[in-house]
Amino acid sequence: MVFLGTGGGRFATITQKRRTGGIRFLSEVFNMHLDPGPGALVYSLNMGLDPQKVTAVLVSHSHPDHYTDAEVFVEAMTRGMTKKRGALIASHSVLVGNDTCEPSISKYHQQMPKEVIEAKPGITFTLNDARILITEARHTDPDAIGLRLETGDMGDIAYTSDTEFFEGIGKQYQGVRLLILCILRPSGKPWKGHMTTDDAIKIVEEARPELALLTHFGMQMIFRGPEKEAQLIHEKTGVPTVAATDGMCVNVQKEIQIQGPKKKQRGLEDSLKTDYV
Ligand SMILES: [Zn+2]
Ligand SMILES: [Zn+2]
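Remember, predicted model here, so these are calculated numbers, not experimental data.

**What about the coordination of the zinc ion (ligand 1)?**
And step 1. Every protein donor of the zinc ion (ligand 1) is accounted for by Asp65 (OD), His66 (NE2), Asp162 (OD) and His216 (NE2), and the metal-donor separations fall at 2.1 to 2.4 Å.
And step 2. Relative to the metal, the 4 donor atoms surrounding the zinc ion (ligand 1) lie at angles of 85 to 159°, and the coordination shape comes out irregular.
And step 3. As a motif over one chain, the donors of the zinc ion (ligand 1) read D-H-x95-D-x53-H.
And step 4. A separation of 3.4 Å is found between the zinc ion (ligand 1) and the zinc ion (ligand 2), which are bridged by Asp162.

Next up, the structure:
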């Protein structure tokens, strides 16, 4: 996994105090971009991660810090809209729209991926060898979703997306090795529809992953210091917790390894099989 951004919410996005490019998942069998917000394309190129090698784009909900670069990634994935290729997985709001959000990927872009999957809580599908289970999120976009990626050998990796705490949220992530939490606000600063450190403590306590990884920091979180908040979660739950940084790489093998930003990631991608083309 490469974190092309660890910022979230309006002011972190506007100011780019933290980047907002989302997360690239690279494995031997697939290359997925999750939540390509502003900067996803540019930082992807900047880090040597070729957008044309992407085989799946997943957009968890219809807010700009998650969707702005999605159409460009669809264009890259489909070789400039010339080849039916790859998978687009997105919430109902992103594909169709709802009462509060317009669709954020045009019909033109929705017809080119080989597969388009409307992500609703409870559905599962496979991307090559990996299985993805869509989980429930409760956010200001009522169609927002999270996900649980089941890799088989390397265990499960999950992503909450933007959500508030609700009864049962942690249960969806029990047994995962790595839990990525979109934690917009620090402890003591609640905001409806969003996650604070206090909420994250409850979720991590229930899910008990091998490692909790924090990302999607809003301005108040950035000023408070995400590392301090990670420390607090670790102290309260006993679960090792790390605050992600822009450009950080996480390698899930027998152990979960974390590396600081590297300028180029070319080696990672070249090892990918290209049979999903
Ligand atoms: Zn967000
Ligand atoms: Zn949102």
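**Observations concerning helix α4 (residues 70-77)**
And step 1. Buried residues of α4: Ala70, Phe73, Val74, Ala76 and Met77, and no others. Projected down its long axis, α4 carries its buried residues within an arc of 160°, all on one side.
And step 2. Arg79 sits one or two residues past α4 and shows a positive phi near 55°.

**Points about the packing of aromatic side chains**
The relation between two aromatic rings is expressed through the spacing of the ring centres and the mutual angle of the planes.
And step 1. The final tally for this structure, using the stated rule, is 0 aromatic pairs.
And step 2. If you follow Arg138 out to its NZ or CZ, it ends over the ring of Phe166, 4.1 Å from the centre.
And step 3. For Lys202, the ring lying beneath its charged end belongs to Phe165, and the centroid distance is 4.1 Å.

Procedures and definitions
Residues numbered from 1 in each chain as written. Chains lettered and ligands numbered in written order. Predicted model: local features only at pLDDT ≥ 70, side-chain atom pairs only at ≥ 80, totals over all residues. Heavy atoms only, no water. Donors = N, O, S within 2.8 Å, 3.2 Å for Na, K, Ca; no water. Tetrahedral: all angles 85-135°; square planar, octahedral: opposite > 155°, others 65-115°. Buried < 20%, exposed > 50% of the residue type's maximum accessible area, 1.4 Å probe, protein only. Helix = DSSP H or I, 4+ residues; strand = E, 2+ residues; numbered from the N terminus. Arc of directions from axis to C-beta. Phe/Tyr/Trp six-rings, centres within 6.5 Å; stacked < 30°, edge-to-face > 60°. Lys NZ or Arg CZ within 6 Å of the ring centre and 35° of its normal.

Read these as geometric descriptors, not functional statements.
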